[in-house]
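What follows is the residue order along each chain.
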Amino acid sequence: MFALRNHPRSPRRRSAEADREAHAARVCAELSDDLPDEDLTQDLDDCLDRYELGSKPRCEEVEYLEMVQDAIDRIERGC
């Protein structure tokens, strides 16, 4: 007999997914508090991919890129 927690529709799996999504939403909300809306998209990886180097003053550019990468890392780590 297999464990129910491994089933794709098990309550534990849904709960874990919901927790990850809630964590990602919190991290994105924190980031959006610090950055203008036009600087963010729903997908943070997309923000980095579409960013044009030199489009901001150098000090702002470095800070922006670090903040977005830090948010991506926090989501991946789950903290």
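Residue positions are given per chain, counting from 1 as you read along its sequence in written order. The predicted nature of this model means local features are confined to residues of pLDDT at least 70 and side-chain atom pairs, given and counted, to a pLDDT of 80 or more, with totals for whole chains, interfaces and linings taken over all residues. For the side-chain quantities, the full set of heavy atoms in the structure was used; hydrogens and water were omitted.

**Thoughts on the overall build of the chain**
Here comes step 1: From N to C terminus, the chain includes three helices and zero strands.
Here comes step 2: A run of DSSP states H or I qualifies as a helix once it reaches four residues; a run of E qualifies as a strand once it reaches two. Both are numbered from the N-terminal end. Reading the chain from its N terminus to its C terminus gives the helix and strand order α-α-α.
Here comes step 3: Note on definitions: a residue-residue contact is assigned when non-hydrogen atoms from the two residues lie within 4.5 Å. Residue pairs at least 24 apart in sequence account for 47% of intrachain contacts in the chain once pairs closer than 6 positions are excluded.
Here comes step 4: The protein chains shown are the only cover counted for residues, whose accessible areas, like all others here, come from Shrake-Rupley with a 1.4 Å probe. Total accessible area on the chain is roughly 6200 Å²; 49% of this is exposed by carbon and sulfur atoms.

**Focus: the nonpolar core**
Here comes step 1: Among the nonpolar cores identified, the biggest contains eleven residues, and these are Val27, Leu31, Leu35, Leu40, Leu44, Cys47, Tyr51, Tyr64, Val68, Ala71 and Ile72.
Here comes step 2: When residues in this core are grouped by element, the largest group, four residues, is from helix H3 (residues 58-77).
Here comes step 3: Here Cys47 is in contact with Asp39, Leu40, Thr41, Tyr64 and Val68, once residues within four sequence places are set aside. Nonpolar core, defined: a set of buried Ala, Val, Leu, Ile, Met, Phe, Trp, Tyr and Cys residues in which side-chain atoms within 4.5 Å join the residues together. Relative accessibility under 20% of the residue-type maximum defines a buried residue, over 50% an exposed one, and the middle range a partly exposed one, all with a 1.4 Å probe and only protein chains included.

**Section: the side chain of His23**
Here comes step 1: On the secondary structure map, His23 appears in helix H1 (residues 11-34).
Here comes step 2: In this structure, His23 is in contact with Arg74, Ile75, Gly78 and Cys79, ignoring residues within four places of it in sequence.

**Observations regarding the confidence of the model for the chain**
Here comes step 1: Confidence in the prediction for the chain averages 83 pLDDT; 82% of positions are at 70 or higher.
Here comes step 2: Per-element confidence in the chain is highest for H3, whose mean pLDDT is 93, and lowest for H1, whose mean pLDDT is 85. Scored from 0 to 100, pLDDT records how confident the predictor is in each individual residue.

**As for the layout of surface pockets**
Here comes step 1: Size it by volume and the largest pocket reaches roughly 170 Å³.
Here comes step 2: As defined here, a cavity is a set of points on a 1 Å grid over the protein atoms alone where a 1.4 Å probe fits but cannot get out. A pocket is an open set with protein on both sides within 12 Å along at least five of seven lines, and residues line them when an atom is within 4 Å of a point. What lines the largest pocket is simply Glu38, Asp39, Leu40, Thr41, Asp46, Cys47, Arg50, Tyr51, Glu52, Ser55, Lys56 and Tyr64.
Here comes step 3: Per-element accounting of the lining of the largest pocket gives the leading share, three residues, to helix H2 (residues 44-50). Grid points are joined across faces, edges and corners, and a volume is the space filled by probe spheres set on the points.

**With respect to a negative patch on the surface**
Here comes step 1: Side chains of Asp33, Asp34, Glu60, Glu63, Glu66 and Asp70 sit close together on the surface and give a patch of like negative charge.
Here comes step 2: Every element with two or more residues in the negative patch is listed here: H1 and H3.
Here comes step 3: Looking at the negative patch element by element, the count peaks at four residues for H3. Patch building starts from residues that exceed 30% relative accessible area and form no salt bridge, then joins like charges within 9 Å and nonpolar side chains (Val, Leu, Ile, Met, Phe, Trp, Tyr) within 5 Å. Note on definitions: salt bridges are taken to be side-chain nitrogens of Lys or Arg within 4 Å of carboxyl oxygens of Asp or Glu. We count Lys and Arg on the positive side and Asp and Glu on the negative side, and we leave His and both chain ends out. In plain terms, the charge of a residue is placed at NZ if it is Lys, CZ if Arg, CG if Asp and CD if Glu.

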